[in-house]
Amino acid sequence: TNHDLFLRVGPCASAYVTYSKSEDALRAIQAVNNISVDGRVIKTSLGTTKYCSHFMKNQPCPKTDCMYLHEMGK
């Protein structure tokens, strides 16, 4: 199971942080949402599981460093 925390800092920086437990992701969201870092406000939200488009088409993925899921999540 993947529970993603999506961080957006200012207009141009972002990050996905994946947690194995939804309660850990929610705790992280609550801890850093709307705090200020270097004059920028951090906005966080709970993301969704991202599947590889090749996996969704039942095709092998040609990317060795693909960051999307290649199996069904819970």
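The coordinates are above.
The rules behind these values
Residues numbered from 1 in each chain as written. Predicted model: local features only at pLDDT ≥ 70, side-chain atom pairs only at ≥ 80, totals over all residues. Heavy atoms only, no water. Salt bridge = Lys/Arg side-chain N within 4 Å of Asp/Glu carboxyl O. Helix = DSSP H or I, 4+ residues; strand = E, 2+ residues; numbered from the N terminus. Buried < 20%, exposed > 50% of the residue type's maximum accessible area, 1.4 Å probe, protein only. Pairing = 2+ DSSP bridges. Polar contact = N/O pair within 3.5 Å; in protein donor to acceptor, adjacent residues only side chain to side chain.

1. A few points about the pattern of salt bridges
When their charged atoms lie close together, side chains carrying opposite charge are able to pair. This structure, assessed with the given rule, holds 1 salt bridge. Among the ionic pairs, D24 bridges to R27, the shortest N-O distance being 2.7 Å. One end of the pair is D24 and the other is R27, both in helix α1 (residues 22-32) and 3 residues apart, which spans about a single turn. D24 gets classed as partly exposed once you look at its relative accessible area, which sits at 28%.

2. Regarding the pairing of strand β4 (residues 40-46)
Two elements, strand β3 (residues 36-37) and β4, share 2 bridges in a ladder whose sense is antiparallel. Counterpart to S36 in the pairing with β4 is V41. Counted along the chain from β3 to the antiparallel partner β4, the turn is 2 residues long, and its residue D38 has a positive phi close to 50°.

3. Some remarks on the side chain of T44
Topologically, T44 is positioned in strand β4. Under the relative-accessibility criterion, T44 is labelled buried at 12%. Within the local environment of T44, its side chain forms a polar contact with the backbone oxygen of I29, the two atoms lying 3.3 Å apart.

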